There are 2 protein chains.
Amino acid sequence: MPRQTKAPPDPFLKSLDDIRAEGFSPDNCPIRDVMSHINDKWSVLILIALQDRPHRFGELRRALADISQRMLTQTLKGLQREGLLSRTVFPTTPPAVEYALTPLGLSLLPALGAVIRWAEANQATIHAARAAFDEA
Amino acid sequence: MPRQTKAPPDPFLKSLDDIRAEGFSPDNCPIRDVMSHINDKWSVLILIALQDRPHRFGELRRALADISQRMLTQTLKGLQREGLLSRTVFPTTPPAVEYALTPLGLSLLPALGAVIRWAEANQATIHAARAAFDEA
DNA sequence: CGGGATCCTATTGGATACTG
DNA sequence: CAGTATCCAATAGGATCCCG
């Protein structure tokens, strides 16, 4: 059954109907599949921290300032599993471990930047919306 | 100020290009402040579902296919609080409630679209990375 | 220095029953 | 139809101790 509604002024996104028409079900949805692994509390912040240069474990911990050691280890492992960053061990004493964006991770940054710039540009508007909602 | 190769002296993250020069602390970070409210399991999918036209409650539920009624209500309320969508009640019997993107919500879609297109384009690469990681 | 292992709490989210 | 209310399971995430 075709969609009888008009198309959006700019085709920013496929509709859920279109996604479904391509054979994606809730169990096979690229949005859920990919985004559910970077939607956690720290992943995006870590990717941003690594955008300019590699960081060692302790450097990252200081850069994020309020992340627990457990979550830093765990999130780094998750991002490495997704192929977004690499982990390099230098066998010095004590050992040094360097985390860096992979080309795949680097390729995600422009898209993330669009969301981040939107967040920064609209933060005040959102705060106003929250206040108005909470008042009612 | 030219970019330097050593770590910044403070624990503040630097963001992408045009906000890179702006320091922010964990307590005043637009990324955390804004994104922490839409990085849940359903918010992005709901925004996508509403991109073309408003939806009623039951329509949305069918569109998302596997969302519980509780989470749909809760996520819609959250997005309304952020000012991303509007809720309109038509006093018919039985009542009809229509959810629609606000201009603010609509303005977020291009940025989200960039991430989603990245996810679709790189899903296979990510699956390969996961398989390689899990094998080791 | 860079973690691993363990314990604990807080939050998320699903299932179900009920309502105007 | 569009929710609310309640209970419960699963997960996320912090604190602490330990080790090579």
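If you look chain A up in an unreviewed UniProt entry, it shows as Helix-turn-helix transcriptional regulator from Azospirillum lipoferum.

Participant: What should I look at first to understand helix 4 (residues 57-64) of chain A in this one?
Facilitator: Each α-helix winds once per 3.6 residues, and so residues spaced three or four apart point in a common direction. Buried within helix 4 of chain A we find Leu60(A), Ala63(A) and Leu64(A). Buried residues in helix 4 of chain A, looked at end-on, bunch into an arc of 90°, giving them a common side. At its buried positions, helix 4 of chain A is contacted by helix 3 (43-49), strand 1 (55-56), helix 5 (69-81) and strand 3 (96-101) of chain A together with helix 1 (30-35) of chain B. One or two residues past the end of helix 4 of chain A sits Ala65(A), with phi positive at roughly 70°.

Participant: Would you mind showing me how to read unusual backbone geometry here?
Facilitator: Generally, phi is negative for residues other than glycine and the peptide bonds are trans, each holding for most cases. Residue and element names in this part refer to chain A. Here the bond from Thr 93 into Pro 94 is cis, since omega is 0°, no more than 30 degrees from zero. Inspection of the secondary structure assignment puts Pro 94 in the loop between strand 2 (85-90) and strand 3. Positive phi is not limited to glycine here, since Ala 65 has a value of about 70°. One can find Ala 65 in the loop between helix 4 and helix 5. Assessed through its relative accessible area of 43%, Ala 65 is described here as partly exposed.

Participant: Before we go on, may I ask you to explain the protein's contact with DNA strand D in this structure?
Facilitator: Among the 20 residues in the neighbourhood of DNA strand D, the closest are listed as Arg70(A), Arg56(B), Gln69(B), Arg87(B) and Tyr99(B). Backbone sugar and phosphate groups make up 59% of those atoms of DNA strand D lying within 4 Å of the protein. One nitrogen or oxygen atom from the side chain of Arg70(B) is found 3.5 Å from a base oxygen belonging to DNA strand D. Within the side chain of Arg87(B), a nitrogen or oxygen atom sits 2.3 Å from a phosphate oxygen of DNA strand D. Of all elements in the fold, only helix 5 of chain A together with helix 3 (57-64), helix 4 (69-81) and strand 3 (96-101) of chain B reach the threshold of two or more residues within the surface near DNA strand D. The leading source of residues in the surface near DNA strand D is helix 4 of chain B, at four residues. In the surface near DNA strand D, the residues fall into eight nonpolar, five polar and seven charged.

Rules used in this analysis
- Residues numbered from 1 in each chain as written.
- Chains lettered and ligands numbered in written order.
- Predicted model: local features only at pLDDT ≥ 70, side-chain atom pairs only at ≥ 80, totals over all residues.
- Heavy atoms only, no water.
- Buried < 20%, exposed > 50% of the residue type's maximum accessible area, 1.4 Å probe, protein only.
- Helix = DSSP H or I, 4+ residues; strand = E, 2+ residues; numbered from the N terminus.
- Arc of directions from axis to C-beta.
- Contact = heavy atoms within 4.5 Å.
- Near = heavy atom within 4 Å.
- Polar contact = N/O pair within 3.5 Å; in protein donor to acceptor, adjacent residues only side chain to side chain.
- Nonpolar A, V, L, I, M, F, W, Y, C, P; charged D, E, K, R; others polar.

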